[in-house]
Every structure is written in structure tokens, then in C-alpha cells.
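Letter by letter, the chains look like this.
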Amino acid sequence: LDDVVGQTHIVSRLKVFVKEKQMPHLIFAGPAGTGKTTSGIALVRDLFEDKMKLNTTYLELNASDARGIEVIRTQVKDFAKTKPPEGIPFKILILDEADNMTADAQQALRRTMENFTNNCRFILICNYSNKLILPIQSRCAVFRFSPLTDEEIRGRINHIVEIEKAKLTPEGLDALVYVCGGDLRRAVNYLQSCATLDEEITQEMVYKITGKIHPSEIQEMIMTA
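Residues numbered from 1 in each chain as written. Predicted model: local features only at pLDDT ≥ 70, side-chain atom pairs only at ≥ 80, totals over all residues. Heavy atoms only, no water.

## Brief notes about the overall build of the protein
Piece 1. Within the protein, the secondary structure is distributed over 10 helices and 7 strands.
Piece 2. In terms of overall dimensions, the protein has a C-alpha envelope of 65 × 35 × 30 Å along the principal axes.
Piece 3. The buried share of the protein, taken over its 225 residues, is 45%.
Piece 4. Considering only intrachain contacts with a sequence separation of at least 6, the fraction spanning at least 24 residues in the protein is 75%. (Helix = DSSP H or I, 4+ residues; strand = E, 2+ residues; numbered from the N terminus. Buried < 20%, exposed > 50% of the residue type's maximum accessible area, 1.4 Å probe, protein only. Contact = heavy atoms within 4.5 Å.)

So, in C-alpha cells, the structure goes:
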């Protein structure tokens, strides 16, 4: 959790769960690329440490792929109903893109959460928590993730550039921050794409890769039209 970028208030709450070795079911809601899945996995790592490697301790599923009721009744239920390994207070199941589940699947998930809460805690990750049925929402602590600030994104991009020994111009960094719109994952993906084209990453390269134009250029085009 110490390595999570931004979301300071949320991270501090999650660290309390680690310290107390106890947590409720959780909902992580917010825009893409703000650290929801990363925070969930970091929480599991800090809670279980080396025991995270045990297959019986932690499971991550993507609800876009496993959105039907049968997956909830089989794979999810089978994982949740078995007791955790010795020395582990409970298992954790991370369900990414949970707001893509069908209504029937959500009802089945609600019953699984109710019946096996002593064995397993759920972390439901979604863009919109209001797409989850109220009985699920009421059984979870909801954490709302915000888009990262420009400075937070700058700091992480500079950290990556330093480790990878890449060359990024100041204007290129400004362009990456602008085009990602608070989505750090998008910024990192754009950075990687640019790095495959040339040793030095420039503003022009970023805009070419992303197909975007800076507002100042648009204004200039309008004024000269």
C-alpha cells in the first residue's frame, strides 16, 4: 500500500485493516486508472504477505468475463465456502468490473456474501457503485476513488522514466499529463508506446500516438482560419 499513487485517505483506511487483520466486504468505485484494482491487490499482499501465493487464500476474477449466475454459483461459491488456510483470518476474492454482472448474478453473489462471510471477504471493483443492487451495497464499505492529480501523475511518470533510463522532454511530460485525464494507467501505456518509437519522448510524439491535439493548437488553428 505504500507504493499506491494518490488516494491518501483511502490508503490510510486500508492500512488500518492490515494492522487489525480484519476488514468488511469492500466496494472500490471510481474512474478507470485511479488505482482501484492495484489497491485491492496491495491490500491482499500486505495482509497475507508470503501466504498470498497460496491458491486457497486469494482469487481474482473479472466480472466482464464471469458475469453470469453460473460462475457465481460455482467458482465464486466454491472458493468462498471453503475455510481459509491455517494462520489466515479469511480469504479474499477480488471481483473486477463488478457492475457488469447481471441482476441474477448479483442476487446470487449477495447470498454467497451473506452465507460465507466468516470464510471470505469480497472486494468489488466497479466504475459505478449504483449499478450494484442495494443489498450488496449495504453489506460493503464503499471507497470512492478520484482521478489522480497532475502532480501525482507527473511524480509517477518521472519515477518510471528514471528507472527505465528513458528520455522524456518537459513538454512531453506535459503532453502525457494532459492526454491521460487523471488516468495513470493510460499515461503509462502512452509512455510505453512512445518509448518503442524513439529514444527521446517528445510532445509531438505523444500527440501523434494518442491522436489528440492540445487546446492551444486548436485555438491557434481557429485564429488563423
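From this point, things continue past the structure.
## So, the environment of threonine 112
Piece 1. Within the secondary structure, threonine 112 sits in helix α4 (residues 103-115).
Piece 2. When the C-alpha atoms of threonine 112 and valine 44 are compared, they prove to be 20 Å apart, with 68 residues separating the residues in sequence.

## Side note on unusual backbone geometry
Piece 1. Backbone geometry at lysine 21 places phi at a positive 55°, although glycine is not the residue there.
Piece 2. Backbone geometry places glutamate 97, a non-glycine residue, at a positive phi of 55°.
Piece 3. By secondary structure assignment, the location of glutamate 97 is in the loop between β3 (91-96) and α4.
Piece 4. The exposure class of glutamate 97 is partly exposed, given its relative accessible area of 32%.

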